[in-house]
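# Structural overview
Single-letter residue listing:
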Amino acid sequence: MEWLLVVAAAVHLIVAPYTKVEESFNIQACHDILYHGLNLDKYDHLEFPGVVPRTFLGPIGVSAVAFPIVFLFQLIGISKFYSQYVVRAVLGLFVILALKKYREQLRVNFGNSMTTWFVLITASQFHFMYYLSRPLPNTFALIVAILVYAYWLEQKHKHMVFFSGVAVLIFRSELCLLLGPILLADLVSQRIDTIKFLRYGIPSGFLCLAATIGIDSCLWKKLLWAEGDVFWFNTYQNQSHNWGIYPFLWYWYSALPRALAFSLLMVPVGIFVDRRVRVMMAPALLYVTLYSFLPHKELRFIIYVIPILNMAAARACHFFWENRYKSTFRQFLGAGAVLHLLGNCCFTLLLLTISSNNYPGGIALHTLHKVVPKEASVHVHIDNFAAQTGVSRFAQVNENWRYNKTEGLRAGSQELRSFTHLLVEAKSKYSYNLKHYTTSHQILASIDAFSHLNFNYQHIPPLKVRSKPSIFILKNLVEEDIDFSFLQEAKEDIVELDSEELVSSEGEGSEKVTDGQEGETSESDKEELASPEEAHGVDAEGDPLMRLEEEEEPEAEPVMEDVVGSTAKVKEPIEAQEEEAEDGQQEEEPIGPVLPEVGCFAPEGVGVSEKFEEKCSIAEPSEARIREDLLVLEERVTPSASMYMEAEQPRTSDIDKDERSVDTEEEEASSKEDENIAPEVVEESKTSEVVEEESRAAEVEEETQVPREMKDEMDVPIVYHEDEVSQEEEDMGQQMDRSNNTSELGNIIASVLDTIKAVCWKAVILYLFWKIGLSLFGS
């Protein structure tokens, strides 16, 4: 039945092949052992040591078994990322072999049928199979703990004491709370003599300490007991709470229900029906209770008790199945024992889907390798979030590329602008982390990560996994900012570059490293400034270069040099203004930020980009022209002029000049006629003048009325802000979403396909369980 565990572990490995920050040390150590050998200077732990040191004994054992396959991959030319699959598969194989030993002892003590239920329950659960191949310190300790359970059932105390020492002194010191009570129970019950215990325990302890201190001190380059440092950090210094704390009962109401799924309902029954189960469950329950006092809690801290809890659940399922023919009620209980496995599989499928979306860093680096040619000169910076969510040295497959994980660099700083590509954490293209690169970088791709679960009873299955953008891949478009000194290191390691191109690239890199210092530098200075440590943002000791950015005073405008080499002094402001007045009025800059043609905020789609270019192509009027129009509007006192001001209609200077000339001529003519006309005639003339004035004002208003479609052609200042175009993009996206939502045919087809997929999955699972049950339990 171990083949079922192998298949389940392989599925988890293939669906989620990347690793997270908790697994970083062991996966990087396996890579360095396999690919760097005794060259300790290239080991990752010397540059990124982590919070506490870890032992190398586990990675050495896994790498020793995986080395033949990895060496064959190197000869064939297979990407070294597949070596990560091999390393994780070897680790999972170690756990399965330990489970096989444990299952054999369960078969001796409880029977073959009960162990079949144990394998089915273990394979159907998510967390145990998920952690089974993950290079965590807890996984290495899990292998040893399972062997201790097996030798405990077999009553081989010599092996039990030795592996208990390996688990506590080398891998995880907290296992003394789990394995200690087991040894103490055998001492109290006199199953093991005290003299024999000391005779086995003392040599085992010295051997374990000698192995871990000797090997780890050489690889860490200092005297070190790795697990002792971890124990001191977590107990005496009590620093683990900095990574989060949970309530006292968190393991009972959250961790264990998620780890056991529906099998949790079977555990109390197994404890009740068999006294042997109660004996084995006592140390596990005591361990969870004692470990609950530690504020910082994670499910992997109690992963060791799952084989014991599954043993109790298997005993309960075996009890229900064997007694299913005694009554109708027990038939329902027997069916429930089978159906709870189906519930475990559905829960596992949901969690596995979520887990596959929890490694955006690894997916982002894989995407970068796909969109950028392998032969390109790439110096990529991987930010902290990407490094913690899937990036490992196994994923750095291109030998001529340079990968940098320097921490503490400020967004938009010169250090980050010196890289050709960036992996940046951001929730959208308008996030704060990306606003520094709007004009200098281009978005190549965005990677989504798990966001939340969406429940819809109209769909099958009713739960949908939703994701959101988390990491953006940026390409630097400003070659002047890029530090090409990494090419010198690539030349020494991989390929030979052209000498002239290398000298020019080193010159550009040295200018950036000197932080803006002017003047010529010698070739030796360039080589010193373009050292690999500074190119990666790291000093000689491997620590990040923390540069304090100070506010600089505005510098004087530099002296301009012509082609001949003569210098032209900077003109005085008054002379510059006079020269501008003679040459003509220049257009002013837009008031607000304008969307760039390239970069993070480049318009997307043909329609938006054409509209954007059309708007930006309209010429801006000068400030003097606008001031002249405003003065003309203020001088106008006629009703038509007031209406014109209320409607805010633009007018040209030619129309204003004609109106003023007509007004002055009429006033002169009327003043001459008033001298020779009688008073009664004057009144009639005044009324006629008012009528003529109103008619003339109406005509002028009609002439100056601008059609709505001609507004864009008027000579008025037009400023298009970034928010306007982004709003148009959002409107277009909303229209597309509405059109998609209103497509009933598409929804019907999608629901039918989801239904067919769900039915197929259920049919396959039911057929599998039916065949297994038929072959194991008979007709």
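Predicted, not measured: the structure shown is a model, and the values here were computed from it.

## A word on the overall build of the protein
Of the regular secondary structure elements, the protein holds 32 helices and seven strands. For the protein, the residues scored as buried account for 43% of the 779 residues in total. A fraction of 77% describes how many contacts in the protein between residues 6 or more apart in sequence connect residues 24 or more apart.

## Digging into the packing of helix H5 (residues 81–110) against helix H8 (residues 137–154)
Packed helices, taken two at a time, are described by the angle their axes make and the gap between the axes. Two elements in contact, H5 and H8, have axes separated by 9 Å at closest approach and are oriented at 20°. Classified by the interaxial angle, the pair formed by H5 and H8 is roughly parallel. The way H5 lies across H8 gives a crossing that is left-handed. Residues Leu91, Phe94, Val95, Ala98, Leu99, Lys101, Tyr102, Gln105, Leu106 and Asn109 of H5 pack against Thr139, Phe140, Leu142, Ile143, Ile146, Leu147, Tyr149, Ala150, Tyr151, Leu153 and Glu154 of H8.

## Section: unusual backbone geometry
Located in the positive-phi region is lysine 221, a residue other than glycine, with phi close to 60°. Note on placement: lysine 221 falls in the loop between helix H11 (194–220) and helix H12 (226–234). Although it is not a glycine, alanine 261 sits at a positive phi angle of roughly 60°. Note on placement: alanine 261 falls in the loop between helix H13 (250–260) and helix H14 (267–273). Residue classification places alanine 261 among the buried positions, given a relative accessible area of 16%.

## Comments concerning a nonpolar patch on the surface
There is a patch of nonpolar side chains on the surface, built from Phe248, Leu249, Trp252, Tyr253, Leu285, Leu286, Leu290 and Phe293 and spanning about 760 Å² of accessible area. Counting only elements with at least two residues in the nonpolar patch, the list comes to H13 and helix H15 (275–291). Of the residues forming the nonpolar patch, the biggest block, three residues, is contributed by H15. Inspection of the secondary structure assignment puts tyrosine 253 in helix H13.

## Overview of the nonpolar core
Of all hydrophobic cores here, the largest spans 131 residues; its most connected members are Tyr102, Phe128, Tyr149, Tyr304, Met311 and Leu423. In terms of residue count, the dominant contributor to this core is H8 (14 residues). In this structure, Leu422, Val424, Phe472 and Leu474 belong to the second largest nonpolar core, which totals ten residues.

## Considerations on the pattern of salt bridges
This model, assessed by the stated rule, comprises 15 salt bridges. Note that arginine 393 is salt-bridged to aspartate 44, the shortest N-O span being 3.5 Å. Of the two residues, arginine 393 sits in the loop between helix H19 (384–388) and strand E2 (402–404) while aspartate 44 sits in helix H3 (residues 44–47), which places them 349 residues apart along the sequence. You can call arginine 393 buried: its relative accessible area is 13%. A salt bridge links glutamate 174 to arginine 172, with the shortest nitrogen-to-oxygen separation between them at 2.6 Å. Arginine 172 matches glutamate 174 in its accessibility class, with the two residues each being buried. Through salt bridges with shared partners, one network takes in Asp32, Asp44, Arg393 and Lys405.

## Some remarks on H13
The set of residues buried in H13 consists of Trp250, Tyr251, Ser254, Ala255, Leu256, Ala259 and Leu260. In this structure, the buried residues of H13 make contact with helix H7 (127–131), H14, H15, helix H16 (306–322) and helix H17 (328–356). Of the residues one or two after H13, alanine 261 is the one with positive phi, at around 60°.

## Considering the side chain of serine 133
The residue serine 133 is located in the loop between H7 and H8 in this model. Overall, the relative accessible area of 2% leaves serine 133 in the buried class. Of the polar contacts made by the side chain of serine 133, one reaches the side chain of arginine 88; its length is 2.9 Å.

## A word on the packing of H15 against H16
Contact geometry for H15 and H16: axes closest at 9 Å, N-to-C directions at 155°. One element, H15, and the other, H16, form an angle in the roughly antiparallel class. H15 and H16 meet at a crossing whose hand is left-handed. For the pair formed by H15 and H16, the contact residues are Arg276, Val277, Met280, Met281 and Ala284 on the first element and Ile308, Leu309, Met311, Ala312 and Arg315 on the second. Grouping the constituent residues of the contact of H15 with H16 by class yields eight nonpolar, no polar and two charged.

## Observations regarding the sheet that holds strand E3 (residues 421–425)
A sheet is described by the order of its strands in space; here five strands give the open sequence E2-E1-E3-E5-E4, paired in mixed fashion. Sheet topology places E2 and strand E4 (441–455) at the edges, where each strand pairs with a single neighbour. Averaged over all pairs of adjacent strands, the angle between their axes in this sheet comes to 20°, without regard to strand direction. Bridging between E3 and strand E5 (residues 463–476) involves five bridges; their strand directions are antiparallel. Within E5, the residue paired with histidine 421 across the bridge is lysine 475. The sheet contacts of H17 involve E4 and E5, and relative to E5 the element is tilted by about 15°.

## A few points about the environment of arginine 191
Considering the arrangement of structural elements, one finds arginine 191 in the loop between helix H10 (176–188) and H11. A sequence separation of 36 residues divides arginine 191 from glutamine 155, and the C-alpha atoms of the two residues are 8.2 Å apart. Beyond its immediate chain neighbours, meaning those up to four positions away, arginine 191 contacts Trp152, Gln155, His157 and Asp186.

## Here's the deal with H8
Helical geometry: 3.6 residues make up each α-helical turn, so side chains three or four residues apart lie on a common side. The end-to-end C-alpha distance of H8, which contains 18 residues, comes to 26 Å, matching closely the 26 Å that a straight helix rising 1.5 Å per residue would cover. Across the 18 residues of H8, 17 count as buried, placing the element largely inside the fold. Just downstream of H8 lies glutamine 155, where phi reads positive at about 60°.

## Considerations on the pairing of strand E1 (residues 379–382)
On a regular strand, each side chain points to the face opposite its neighbour's, so the side chains alternate between the two faces of the sheet. Residues of E1 alternate between two faces, with His379 and His381 on one and Val380 and Ile382 on the opposite face, all of them buried. Taken together, the three bridges between E1 and E2 define a ladder with parallel strand orientation. Looking at the pairing, valine 380 lines up with tyrosine 403 of E2. Bridge count for E1 against E3 is three bridges, and the pairing is parallel. What sits directly across from isoleucine 382, in E3, is leucine 423.

Basis of the calculations
- Residues numbered from 1 in each chain as written.
- Predicted model: local features only at pLDDT ≥ 70, side-chain atom pairs only at ≥ 80, totals over all residues.
- Heavy atoms only, no water.
- Helix = DSSP H or I, 4+ residues; strand = E, 2+ residues; numbered from the N terminus.
- Buried < 20%, exposed > 50% of the residue type's maximum accessible area, 1.4 Å probe, protein only.
- Contact = heavy atoms within 4.5 Å.
- Axes fitted to C-alpha atoms, helices over the stretch in contact; angles between N-to-C directions.
- Parallel < 35°, antiparallel > 145°, perpendicular 65-115°, else oblique.
- Left-handed = near helix turned anticlockwise from the far one by under 90°.
- Patch = residues over 30% accessible without salt bridge, like charges linked within 9 Å, V, L, I, M, F, W, Y side chains within 5 Å.
- Areas by Shrake-Rupley, 256 points an atom, 1.4 Å probe, with all protein chains shown as cover.
- Salt bridge = Lys/Arg side-chain N within 4 Å of Asp/Glu carboxyl O.
- Core = buried A, V, L, I, M, F, W, Y, C linked by side-chain atoms within 4.5 Å.
- Polar contact = N/O pair within 3.5 Å; in protein donor to acceptor, adjacent residues only side chain to side chain.
- Nonpolar A, V, L, I, M, F, W, Y, C, P; charged D, E, K, R; others polar.
- Pairing = 2+ DSSP bridges.
- Expected span 1.5 Å × (residues − 1).

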